[in-house]
Amino acid sequence: MGQIAPDQGASLRPSLDFARPWDSITLARFLRQLPTGITVLHDAGDRPLRWVEPSDIDDPTPYLVDHELILTSGFPLVEHAADAAKVRQFVARLVDANVSALGFGLDPYFSAVPPTVIDACRELDLPLWQIPSSLPFAAIGLAFAKLMEADNARLLRENAEANRHLMRCVGSEHPEQEIVTVLAHRAKAAVQLLDQSGRLRHYAAPTGIQPAQGQELETLLAQASAAQGAKLVVGESAGHHHLAFPIRPTATSGARVPPLLGVLQLSFTHQPGAAEHNLMSTALGLLEVVARQRVLGSVAPAQLATALLLDGTESMDAGAMELFNSSLGGALRRAPRVVVTIPRAQSTAQDPSHALTRLRSLLDTKLVLHSGGRFAAITRSEPNQELLDRIEAAGYLAAFSRPVDPVHGEGQGVSLAADLRELAGQARGLVPRLLDEGRSLSADQLPQSFSALLPQEASRQLAAHLLGNLLQLPAKRRDLYLQVLRAWLDANGSWDATAAAIDVHRNSVRRHIASISEILDMDLSRAEVRYELFLALRFLP
């Protein structure tokens, strides 16, 4: 895709200090995955590898992130390969950009890596690989993508297995202790569960990991318990990373900070990454459900069953299926679906228990969950206009998912449980648009696209805001820039395709896109920026 060069005076580089599935990929590991023929001309030790980037521009560093393998055919050095000073400057820029290694491809410009490049890499300690002409750069990029995909699949499997273990804890005789034990083992952390007064209730830790203690623990607890309702408190000492999560019931919109049910505290000897945060999030949600049942007594068995169905149970056996079917009204031939309901803006507040009873009657189901001011239900009722009118007359707006896929059948507990979780996300995804339009919605009536889920009025307002500087231009220039931007985004940044689509010279397209980037004060080389503008143009009146 076409790139807009960043400000050459900018010194800030993108921050990538977060864990990702492929953080375990290093130069040595990647080299083992590549075909034979690559020669390591300088080995400066194993280094992390985040990306592979082919580049033949004089200075690629403004476009790089940390720990990339840069592949070059040597084109930037063709005219001064013998000039040791200029070659050293080229390599030094790569080192300053924290590049992990330089891959130098043979042919069409060089039959061997110039000695000046080898000397500069040795002097500046940058790993240097010689890439044979028989190995295309694209093959190296594909090999890296496959390695990332394998790591990502492994992480997903490990997360799924760990989450299943945590879910099973809920049904044990001592669920909180079981959750703490499994979390400590899977996350490799010292885990403490404390009550709202700071007294230790349950504890588990692998050998060699110490929990937060004394004044350090008191400070964490004080910050986590503060009335401002912090969601996470972080501390660090003696090589340990300490995290503390307050356990609170989900707050309703506009309500005061909900009461503290306890604190989950974890201590690591390493910086926790994505996998650990996934486990902590699951454990925190389960502990909240169990704590509300234990401390507040506010979760009825039917609500707990609904929460587990929509948020995590892995399967239902024959007995569970029988209970499930007996909890739903309507004919068995009707496939169940998930409904999320919220109070209408103009309706008066109702007691949750009264609203729960009312919705169970309207939707002909016992499986209704109240959480965070919303209600989630599993029902066989179809979202016809009569039912929607009755729900709205009761003071609620409803978002109906599509029904469970009939090809799975209701006798297959594993498929049904997975489908219900997916449909719960589908119904929740309609809520922003439901709030925007002020009417009940059914996924059956909407096209299956991301834009269909977006609130229409809010999206139009955001589009006008994002494109505001363009829209304020004189009409002729405004219309030209909007036409060029639409065509360029539709052509995925291809200068030639854009030029052909709107009958404008490719150099004019480049100039217009550069002007648009400056007017909007946006970096159009970033995918997320282009995506936002792509959607904005479609919502623009």
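Right above here is the structure, for reference.
These notes cover the structure that comes with them. What you see is a predicted model, and the numbers here were worked out from it, not measured in a lab. (Residues numbered from 1 in each chain as written. Predicted model: local features only at pLDDT ≥ 70, side-chain atom pairs only at ≥ 80, totals over all residues. Heavy atoms only, no water.)

## A look at a nonpolar patch on the surface
Part 1: Together, Phe 75, Val 78 and Tyr 109 line one region of the surface with nonpolar side chains, adding up to about 280 Å² of accessible area.
Part 2: For Tyr 109, the position within the fold is in the loop between strand S4 (101–105) and helix H3 (115–124).
Part 3: In this structure Tyr 109 comes out as partly exposed when scored by relative accessible area, which is 40%. (Patch = residues over 30% accessible without salt bridge, like charges linked within 9 Å, V, L, I, M, F, W, Y side chains within 5 Å. Areas by Shrake-Rupley, 256 points an atom, 1.4 Å probe, with all protein chains shown as cover. Salt bridge = Lys/Arg side-chain N within 4 Å of Asp/Glu carboxyl O. Helix = DSSP H or I, 4+ residues; strand = E, 2+ residues; numbered from the N terminus. Buried < 20%, exposed > 50% of the residue type's maximum accessible area, 1.4 Å probe, protein only.)

## Quick notes on the packing of aromatic side chains
Part 1: Counted according to the given criterion, the structure contains six aromatic pairs.
Part 2: Ring centres of Trp 51 and Phe 144 lie 6.1 Å apart, and the angle between their planes is 85°; this geometry places the pair in the edge-to-face category. With a gap of 93 residues between them, Trp 51 in strand S2 (residues 51–54) and Phe 144 in helix H4 (residues 137–169) connect regions that are remote in the sequence.
Part 3: Look at Trp 51 and you get partly exposed, because its relative accessible area is 39%.
Part 4: What makes Phe 144 buried here is its relative accessible area of 2%.
Part 5: For the pair Phe 375 and Tyr 396, a centre-to-centre distance of 5.9 Å together with 85° between the ring planes defines the contact as edge-to-face. Here Phe 375 is found in strand S13 (residues 374–379), whereas its partner Tyr 396 is found in strand S14 (residues 396–400), with 21 residues between them in sequence. As far as the burial class goes, Phe 375 and Tyr 396 line up, both buried.
Part 6: Through a chain of ring-to-ring contacts, three or more aromatic side chains come together here, namely Phe 30, Trp 51 and Phe 144. (Phe/Tyr/Trp six-rings, centres within 6.5 Å; stacked < 30°, edge-to-face > 60°.)

## With respect to the sheet that holds strand S12 (residues 368–371)
Part 1: A sheet is described by the order of its strands in space; here five strands give the open sequence S12-S13-S11-S14-S15, paired in mixed fashion. Looking along the sheet, the strands with just one partner apiece sit at the ends: S12 and strand S15 (441–442).
Part 2: Relative to S13, strand S11 (residues 337–343) runs antiparallel, the two being bridged by five bridges. Looking across to S13, one finds that Arg 337 is bridged to Thr 379. (Pairing = 2+ DSSP bridges.)

## Quick notes on the environment of Ala 120
Part 1: With respect to the helices and strands, the residue Ala 120 is situated in helix H3.
Part 2: Ignoring sequence-local partners within four residues, the contact set of Ala 120 consists of Val 87, Arg 88 and Val 91. (Contact = heavy atoms within 4.5 Å.)

## Examining the pairing of S14
For a regular strand, side-chain orientation follows a simple rule: the groups alternate between the two sheet faces.
Part 1: A large share of S14 lies buried, amounting to five of its five residues.
Part 2: The side-chain alternation of S14 yields two buried faces, one formed by Tyr 396, Ala 398 and Phe 400 and the other by Leu 397 and Ala 399.
Part 3: Pairing of S11 with S14 involves five bridges; the strand directions are antiparallel. Along S14, the bridge assignment pairs Pro 343 with Tyr 396.
Part 4: Bridging between S14 and S15 involves two bridges; their strand directions are parallel.

## Side note on the environment of Ile 209
Part 1: Examined against the element boundaries, Ile 209 turns out to sit in the loop between strand S7 (200–204) and helix H6 (214–224).
Part 2: For Ile 209, a relative accessible area of 8% translates into the label buried.
Part 3: A C-alpha to C-alpha distance of 7.4 Å links Ile 209 and Ser 267, two positions 58 residues apart in sequence.
Part 4: Leave out the neighbours within four places in its chain, and Ile 209 touches Lys 188, Ala 189, Ala 190, Tyr 203, His 240, Ser 267 and Thr 269.

## What to know about the pattern of salt bridges
Part 1: This structure, assessed with the given rule, holds eight salt bridges.
Part 2: With a shortest N-O distance of 3.6 Å, Asp 59 and Arg 93 are connected by a salt bridge. Of the two residues, Asp 59 is situated in the loop between S2 and strand S3 (68–72) and Arg 93 in helix H2 (residues 84–96); the sequence distance between them amounts to 34 residues.
Part 3: The partly exposed category is assigned to Asp 59, whose relative accessible area is 26%.
Part 4: Note that Arg 88 is salt-bridged to Glu 123, the shortest N-O span being 2.9 Å. Taken together, the positions of Arg 88 in helix H2 and Glu 123 in helix H3 put the pair 35 residues apart, joining distant regions of the chain.

## Focus on the pairing of strand S10 (residues 262–268)
Part 1: The element S10 is largely enclosed, with a buried count of seven among its seven residues.
Part 2: Burial of S10 is two-sided: the residues Gly 262, Leu 264, Leu 266 and Phe 268 facing one way and the residues Val 263, Gln 265 and Ser 267 facing the other way are all buried.
Part 3: Alignment of strand S6 (residues 190–194) against S10, held across five bridges, turns out to be antiparallel. Note on S10: the bridge partner recorded for Val 191 is Leu 266.
Part 4: Taken together, the seven bridges between strand S9 (residues 240–247) and S10 define a ladder with antiparallel strand orientation. Each residue of the ladder has a partner; that of His 242, found in S10, is Ser 267.

## With respect to the nonpolar core
Part 1: Ranked by size, the top nonpolar core spans 29 residues in total, and within it Leu 183, Ile 247, Leu 264 and Leu 266 carry the most contacts.
Part 2: Looking at this core, the elements that each hand over two or more residues are H4, helix H5 (175–187), S6, S9, S10 and helix H7 (274–296).
Part 3: Broken down by element, this core gets its largest block of residues, seven residues, from H7.
Part 4: Residue contacts for Ile 247: discarding those within four places in its chain leaves Leu 193, Pro 259, Leu 260, Leu 261, Gly 262, Val 263, Leu 264, Leu 284, Leu 287, Glu 288 and Ala 291.
Part 5: Judged by nonpolar contacts, the second largest core, of 26 residues, contains Leu 467, Ile 502, Val 509 and Ile 516. (Core = buried A, V, L, I, M, F, W, Y, C linked by side-chain atoms within 4.5 Å.)

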